[in-house]
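# Remarks on the overall topology
For reference, the chains in residue letters:
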Amino acid sequence: MNGEDPQRPVDPERYGPWAVITGGSEGVGRSFALELARVGIALLLVARRAEPLAATAAECRALGVQVRTLALDLTAPGAVGEIAAAVDDVEVGLLMLNAGANTHSAPFVDGDLDAFQRVIDLNLTVPLGLIHHFGRAMKTRGRGGILLVGSLAGYLGSQHHTVYGGVKAFGRIFAESLWLELGEYGVDVLELVLGVTRTPAMERVGLDFTVPGMTVSEPDDVAREGLSRLGHGPVHIMSGNEAGAAQRNDPDRAAAVLRADKGMRRLMGLPERVAR
């Protein structure tokens, strides 16, 4: 692929003719969809909320590509099968696993186990099922791409992110392993690691994007940069977040966790940690 051409961030011959995008209705998912539509890749957009899903689909159709939509709760039983069936008559060359929010932000022992299981299903169970299904066909064809949207939350533990951070940590190691397994068959794998990103979902939960010194990425920038790095896996950290990732890899884990906790509390509007 030609990752240097900003007008052609992804090669439709390598990653087309169809792409599946989970979380494809707004924010980064919408930006991914528009970037792919501009180079002529047809789309299956999957998201829970039908109204923004339809709006993004209309924007992409206006660029001249076929678009299918599937309004679906990814944590519902049978979600993988529904997505596979929606494109069983076309060739999917690109799988973009963008859905993956922390849907139950609560201290672990005070939270609801069923709700935590939905975090696991959204971020782990369903992505693995989709990769198994679509990745097998890509391996057989000898081409394709799989992009997983990761998070700096997966680099260390943080309160209210006990389960979410854990599944994101798994996702990064899994992506590296998958990159090794599929690369020799012509299938590119990338985990795109995001920090704080200005998306409608993050705005709805009330994150404070004005914290001094906070790096805040924009969805369009994330989509362009992520697609340009697809053939250069296994992991790419979104620009501006490299120092944060390096700090989170500090071998002094107590210092790393406490330092990150201070910033997370400011972002979430939580009180300062009381030393005991």
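Just so you know, these numbers come straight off a predicted model, no measurement behind them.

### Considerations on the confidence of the model for the chain
- Of all residues in the chain, 88% have pLDDT values of 70 or greater, and the mean over the chain is 89.
- Every residue in residues 1-7 is under pLDDT 50, and counting partners more than four places away or in other chains gives 11 contacts.

### Considering helix H3 (residues 50-61)
- The end-to-end C-alpha distance of H3, which contains 12 residues, comes to 16 Å, matching closely the 16 Å that a straight helix rising 1.5 Å per residue would cover.
- Among the residues of H3, Pro52, Leu53, Thr56, Ala57 and Cys60 are the ones counted as buried. Seen from one end, H3 has its buried residues packed into an arc of 140°, which puts them on one side.
- Here the buried face of H3 lies against helix H2 (27-38), strand S2 (42-47) and strand S3 (67-71).

### Some thoughts on the pattern of salt bridges
- Taken as a whole, this structure holds nine salt bridges when the rule is applied.
- Of the charged contacts, one joins Asp188 and Arg14 as a salt bridge, the two residues approaching to 2.9 Å between their closest N and O atoms. Residue Asp188 is located in strand S6 (residues 187-194), and its partner Arg14 is located in helix H1 (residues 12-15); the two are separated by 174 residues in the primary sequence.
- Given a relative accessible area of 15%, Asp188 falls into the buried group.
- By relative accessible area, Arg14 is classed as partly exposed at 24%.
- Here Arg68 makes a salt bridge to Asp89, at a shortest N to O gap of 2.8 Å. With Arg68 in strand S3 and Asp89 in the loop between helix H4 (79-86) and strand S4 (92-97), the pair connects residues that are 21 residues apart, well separated along the chain.
- Owing to a relative accessible area of 24%, Arg68 belongs among the partly exposed residues under this scheme.
- Each of the salt bridges in this network shares a partner with another, and the network as a whole consists of Glu35, Arg38, Asp221 and Arg224.

### Here we look at the side chain of Thr197
- Mapping Thr197 onto the fold places it in strand S7 (residues 196-197).
- Side-chain polar atoms of Thr197 contact the backbone oxygen of Gly195, separated by 3.3 Å.

### Re unusual backbone geometry
- Look at the link from Gly16 to Pro17: it is a cis peptide, with omega at 0°.
- Mapped onto the fold, Pro17 is located in the loop between H1 and strand S1 (18-22).
- Along the chain, Gly233 connects to Pro234 via a cis peptide bond; the corresponding omega equals 10°.
- Here Pro234 lies in the loop between helix H8 (219-228) and strand S9 (235-237).

### What about the nonpolar core?
- Among the nonpolar cores identified, the biggest contains 32 residues, and Phe32, Leu36 and Leu43 are the most heavily contacted of them.
- Within the residue set of this core, elements represented by two or more residues are S1, H2, S2, H3, S4, strand S5 (144-151), S6 and H8.
- In terms of residues, this core owes the most to one element, H2, which gives six residues.
- Ignoring any residue separated from it by four or fewer positions in sequence, one finds Leu43 in contact with Trp18, Ala19, Ile21, Ala33, Leu36, Ala37, Cys60, Gln66, Val67 and Arg68.

### Side note on the sheet that holds S6
- Overall, parallel pairing links the seven strands, which are arranged S3-S2-S1-S4-S5-S6-S9 in an open sheet. For this open sheet the edge positions go to S3 and S9, each flanked by a neighbour on one side alone. Along the sheet, successive strands turn relative to each other by an average axial angle of 15°, direction set aside.
- Its contacts with the sheet place H2 against S1, S2, S4, S5 and S6, and it is angled at close to 170° to S1.
- Packed onto the sheet, helix H6 (residues 162-183) meets S5, S6 and S9 and runs at close to 155° relative to S6.

### A few points about a nonpolar patch on the surface
- On the surface, a nonpolar cluster with roughly 350 Å² of combined accessible area is contributed by Phe108, Val109 and Leu113.
- Inspection of the secondary structure assignment puts Val109 in the loop between S4 and helix H5 (113-141).

### Details of the environment of Asp261
- Inspection of the secondary structure puts Asp261 in helix H10 (residues 253-268).
- Under the relative-accessibility criterion, Asp261 is labelled buried at 9%.
- Distance in space between the C-alpha atoms of Asp261 and Gln159 is 7.5 Å, their sequence separation being 102 residues.

Basis of the calculations
Residues numbered from 1 in each chain as written. Predicted model: local features only at pLDDT ≥ 70, side-chain atom pairs only at ≥ 80, totals over all residues. Heavy atoms only, no water. pLDDT = per-residue confidence, 0-100. Contact = heavy atoms within 4.5 Å. Helix = DSSP H or I, 4+ residues; strand = E, 2+ residues; numbered from the N terminus. Expected span 1.5 Å × (residues − 1). Buried < 20%, exposed > 50% of the residue type's maximum accessible area, 1.4 Å probe, protein only. Arc of directions from axis to C-beta. Salt bridge = Lys/Arg side-chain N within 4 Å of Asp/Glu carboxyl O. Polar contact = N/O pair within 3.5 Å; in protein donor to acceptor, adjacent residues only side chain to side chain. Core = buried A, V, L, I, M, F, W, Y, C linked by side-chain atoms within 4.5 Å. Pairing = 2+ DSSP bridges. Axes fitted to C-alpha atoms, helices over the stretch in contact; angles between N-to-C directions. Patch = residues over 30% accessible without salt bridge, like charges linked within 9 Å, V, L, I, M, F, W, Y side chains within 5 Å. Areas by Shrake-Rupley, 256 points an atom, 1.4 Å probe, with all protein chains shown as cover.

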